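# Fold and geometry: a report
Next come the chains, spelled out residue by residue.
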Amino acid sequence: MNNETVIWTIGGLDPSNGAGISRDLAVFQNLQQRGYSLCTAVTAQNHMGVSCVQPVKADVLNQQFQALLELSSPSVIKISMIADDAQATVIAHWLEKLRQQNPQLFVVYDPVLSASAGGQLSTLSGDAIAALCANCDLLCPNYHEAQALTESQKGGVELIHELNQKLDARAVVLKGGHSGCEAVEDLLWQHNRAGTFSVKASRLAVSKTHGTGCTFAAALSVFVAQNFELEDALYLAKCYVFEALQQAENNVRSAGNGPWHTLGLPGWPKHRQLDFAFSEQAGLPAELAAPFPSIDREKFRFYPVLDSIDWVRWALGQGVKTVQLRLKDASDEQQLRQHIRTAVKLGRRYDAQVFINDYWALAIEEGAYGVHLGQEDLASADLNAIAAAGLRLGLSTHSIVEIERACRVQPSYIALGHIFPTQTKDMPSQPQGLTKLGFYQQWLADRFPTVAIGGISLQRAKPVLAQGVSSIAVVTALTKASKPGEALQQFNGVVNEHFSQ
Ligand SMILES: Cc1ncc(COP(=O)(O)OP(=O)(O)O)c(N)n1
Ligand SMILES: Cc1nc(C(=O)O)sc1CCOP(=O)(O)O
Ligand SMILES: [Mg+2]
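Rules of the game
- Sequence positions are assigned chain by chain, starting from 1 and proceeding in written order.
- In the order they appear in the text, chains get letters beginning with A and ligands get numbers beginning with 1.
- Local features in this predicted model are restricted to residues whose pLDDT is 70 or higher, and side-chain atom pairs enter the listing and the counts only when it is 80 or higher, whereas totals over whole chains, interfaces and linings include all residues.
- With hydrogens and water excluded, all non-hydrogen atoms of the structure serve as input to the side-chain values.
- The near set for a molecule or strand comprises every residue that places at least one heavy atom within 4 Å of it.
- Counting of polar contacts relies on pairs of N or O atoms within 3.5 Å, with two restrictions inside protein: one atom must be capable of donating a hydrogen and the other of accepting it, and residues adjacent in sequence are counted only when both atoms are side-chain atoms.
- Here the accessible surface of atoms and residues is derived via Shrake-Rupley with a 1.4 Å probe, and residues count as covered only by protein chains that are part of the display.
- Salt bridge, as applied in this entry: a Lys or Arg side-chain nitrogen positioned within 4 Å of an Asp or Glu carboxyl oxygen.
- Comment: elements are numbered from the N terminus, with helices defined as DSSP H or I runs of at least four residues and strands as E runs of at least two.
- Think of it in three bands: residues with accessible area under 20% of the maximum for their type are buried, residues over 50% are exposed, and the middle band is partly exposed, with areas taken using a 1.4 Å probe on protein chains only.
- Note on method: axes are straight lines fitted to C-alpha atoms, helices fitted across the in-contact stretch only, with angles between N-to-C directions ranging 0 to 180 degrees.
- Angular relationships are summarised with four words: roughly parallel below 35 degrees, roughly antiparallel beyond 145, roughly perpendicular across 65 to 115, and oblique for the angles in between.
- Note: crossing handedness is left-handed where the near helix turns anticlockwise from the far helix by less than a right angle, and right-handed where it turns clockwise.
- Should any heavy atoms of two residues lie within 4.5 Å, those residues are considered in contact.
- The residue classification treats Ala, Val, Leu, Ile, Met, Phe, Trp, Tyr, Cys and Pro as nonpolar and Asp, Glu, Lys and Arg as charged. All others, Gly included, are polar.
- We call Phe, Tyr and Trp rings a pair once their centres come within 6.5 Å, taking the six-membered ring for Trp, and we label the pair stacked below 30 degrees between planes, edge-to-face above 60, and tilted otherwise.
- The rule is short: NZ of Lys or CZ of Arg within 6 Å of the ring centre and within 35 degrees of the ring normal puts a charge over the ring.
- Side-chain atoms within 4.5 Å are what join buried Ala, Val, Leu, Ile, Met, Phe, Trp, Tyr and Cys residues into a set we call a nonpolar core.
- What fixes the domain bounds is an automatic or database domain assignment.
- Buried area is calculated as the accessible area (1.4 Å probe) missing from two parts once they are joined, with the contributions of both summed.
- The span one expects for a helix is its residue count, reduced by one, times 1.5 Å.
- As used here, the arc is the angular range of directions from the helix axis to the C-beta atoms.

### Thoughts on the site of ligand 2
- Not every one of the 14 residues close to ligand 2 is listed here, only the nearest: His 398, Thr 422, Thr 424, Gly 455 and Thr 476.
- Within the backbone of Val 475, a nitrogen or oxygen atom sits 3.0 Å from an oxygen atom of ligand 2.
- Thr 476 places a polar side-chain atom, nitrogen or oxygen, 2.6 Å from an oxygen atom of ligand 2.
- For ligand 2, whose unbound accessible area comes to 420 Å², protein coverage reaches 95%.

Right, dumping it as structure tokens:
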């Protein structure tokens, strides 16, 4: 991914480069982002401990803000070590000002109070921390910090509830590295979502973990800046740190007994590495015994999604080999069954791959070629029954977490949406854009055929296909075209040219 954004990091300077702002800048650079730093304290420390902390004066911090604003305007600010209340007042002032200029500004607060190797770093009062939290979008403490902030010995979801009672956070990532458990589990809670989302990693045998918290929060800030949903940002940040630690573990012999962070950073995560789970939202579907039947990829390259049997008949008559019947205003069950039956028959007559959207039970009964389902259907649809009936299955996805959830059921294809703004339906998520589409495609690495959907016009077809997807799906580019026959021919031209290269 290479959409450069500007990220500011506010924190202390660690001369050993394991933690603090120099570590953050290394992570930003490793992930191809433009980073700037504001220094709150000069420390003398390494992975074995902190020997001295010299806070910078509040006025010096204030001038750093002024100097940086002349250069850039951040999309994300990461805050970690704040030495004292006077600094917190300066930061609160600037956050307010920057938010006025950019209401989309996202602030991540990693409340570093002491170093992992031991040593107090901050004299920040409880009131100052509470005021900061109210100004932040995401609070990401580790267990020690969360317990210190709440004066509680609880853990897990209960600890997050304690945090919420004390501090007015909009979202919390509770880092599990210090929980003492066998697996390291990070929990995400968001004020506007039910339940929590968690990512688990096995504990690696790396002994010197100085700076893992900073590395994690810096990577998380990058993924947020790249407009990933918080669940994805947490998942990717965790993969990033896991990969960095794994790399260190593998290299430990050649690197001698030095700290892990000197062994290099891994770059953008490229594939699935860790398990995740939802506590209350639509859970993970059970893994099925066998993959869903495959589709004919050559027939799949252009995929009209159509809202009537007349359109299906027309498209198949024009030679289209994959279509979807997507009926959204069907109230009469008999009529609905009739439409699905006709679509199935037409599919057989034209030797085409006809998918039925939503109505999986009727699709089974009518012997359809396949069904297309959304994420919310995953919890309610009987996937085993669809598989047992031999139907193909297509699944919608809009994020890495949804992609990974879809992969568990080994579908016949995965839809990636919505790429551009669409008039066809209200989408709860943001358009993905081409860069993210390319990232998703690389992430999937041809595990399943893919189809891009959402706002794809004739002009956009070529750059979308260039991201490596197996197919493009369109609704209005065909059904609202002034001359649908011509539009279809033009799409065929672009698709054939792309796949003949
Ligand atoms: C090819 C393709 N991709 C995505 C969708 C969207 O399906 P879903 O999320 O189930 O939403 P509705 O279409 O039911 O509104 C699709 N239909 N086809
Ligand atoms: C039905 C649908 N599903 C989407 C998804 O992202 O899951 S986008 C979409 C509508 C696509 O219509 P158009 O080509 O007119 O933009
Ligand atoms: Mg649907």
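### Here's the deal with the pattern of salt bridges
- Taken as a whole and judged by the stated rule, the model has 18 salt bridges.
- Between Arg 34 and Glu 4 there is a salt bridge, with its nearest N and O atoms 3.2 Å apart. With a gap of 30 residues between them, Arg 34 in strand β2 (residues 34–46) and Glu 4 in the segment before β1 (6–13) connect regions that are remote in the sequence.
- What makes Arg 34 partly exposed here is its relative accessible area of 34%.
- On the basis of relative accessibility, which here comes to 52%, the residue Glu 4 falls in the exposed class.
- One salt bridge connects Asp 310 with Arg 313, and the closest N-O pair in it is separated by 3.4 Å. Of this pair, Asp 310 and Arg 313 both sit in helix α9 (residues 309–317), three residues apart, which is roughly one turn of the helix.
- Accessibility expressed as a relative area gives 38% for Arg 313, which makes it partly exposed.
- Members of the salt-bridge network, linked through shared partners, are Arg 337, Arg 341, Glu 365 and Glu 366.

### Structural notes on the packing of helix α5 (residues 143–150) against helix α6 (residues 156–166)
- Contact geometry of α5 with α6 gives a least axis separation of 9 Å together with a crossing angle of 45°. If you check the angle between α5 and α6, you find them oblique. As α5 packs across α6, the resulting crossing turns out to be left-handed. Across the interface between the two elements, Tyr 143, Ala 146, Gln 147, Leu 149 and Thr 150 of α5 pack against Gly 156, Leu 159, Glu 162, Leu 163 and Lys 166 of α6.
- Of the residues assigned to the contact of α5 with α6, the class counts are five nonpolar, three polar and two charged.

### Here we look at the packing of aromatic side chains
- Per the counting criterion, the structure on display carries 18 aromatic pairs.
- The interplanar angle of 50° and the centroid separation of 6.4 Å between the aromatic rings of Phe 439 and Tyr 440 together place this pair among those described as tilted. No difference in accessibility class separates Phe 439 from Tyr 440, as the two residues are buried.
- An aromatic cluster is defined as three or more aromatic residues linked by ring pairs; in this entry it consists of Phe 223, Phe 228, Tyr 235, Trp 268, Phe 439, Tyr 440 and Trp 443.
- For Lys 436, the ring lying beneath its charged end belongs to Phe 228, and the centroid distance is 4.6 Å.
- Lying over the aromatic face of Phe 420, Arg 460 brings its terminal NZ or CZ to 4.1 Å of the ring centre.

### Focus on the packing of helix α16 (residues 458–465) against helix α18 (residues 484–500)
- In the contact formed by α16 and α18, the axes pass within 10 Å of each other and the chain directions differ by 20°. In terms of their interaxial angle, α16 and α18 are classed as roughly parallel. In terms of crossing hand, the pair formed by α16 and α18 is right-handed. Where α16 approaches α18, its residues Leu 458, Ala 461, Lys 462 and Leu 465 are matched on the opposing element by Gln 490, Phe 491, Val 494, Val 495, Glu 497, His 498 and Phe 499.
- Its residues placed into classes, the contact of α16 with α18 shows seven nonpolar, two polar and two charged.

### Thoughts on the site of ligand 1
- What surrounds ligand 1 is a group of 13 residues, the closest being Gln 324, Arg 326, Lys 328, Ser 396 and Lys 425.
- A distance of 2.9 Å is found between an oxygen atom of ligand 1 and a side-chain nitrogen or oxygen belonging to Ser 396.
- Protein burial of ligand 1: of its 420 Å² of free accessible surface, 93% is covered by the chains.
- Each residue belonging to the shell around ligand 1 can be placed in one class, and the counts come to four nonpolar, five polar and four charged.

### What about the nonpolar core?
- Core analysis: the largest hydrophobic core is formed by 105 residues, its most contacted members being Phe 223, Phe 228, Tyr 235, Leu 383, Phe 439 and Ile 472.
- Here this core gets 11 residues from one element, more than from any other, and that element is helix α8 (residues 230–251).
- Three or more residues apiece are contributed to this core by two domains, here domain 1 (7–251 + 260–281) and domain 2 (297–500).
- Beyond its immediate chain neighbours, meaning those up to four positions away, Phe 228 contacts Met 1, Phe 223, Ala 233, Leu 236, Trp 268, Ile 400, Lys 436, Phe 439 and Tyr 440.

### Quick notes on the domain arrangement of the chain
- Taken domain by domain, the chain consists of domain 1 (7–251 + 260–281) and domain 2 (297–500).
- Here domain 1 packs against domain 2, burying approximately 1200 Å² in sum over the two surfaces, 66% of which is carbon and sulfur.
- Taken together, the links from domain 1 to domain 2 amount to zero salt bridges.
- At the surface where domain 1 touches domain 2, the tally comes to three residue pairs in polar contact (both at pLDDT 80 or more).

### Quick word on α18
- Compared with the 24 Å implied by 1.5 Å per residue over 17 residues, the 24 Å span of α18 between its first and last C-alpha is a close match.
- Buried within α18 are the following residues: Ala 487, Leu 488, Phe 491 and Val 495. End-on, the buried residues of α18 take up no more than an arc of 100°, which puts them together on one face. For α18, the exposed residues lying more than 90 degrees away from the buried face are Gln 489 and Ser 500.
- Contacts from the buried residues of α18 go to β11 (302–306), α9, α16, β18 (471–474) and α17 (476–479).

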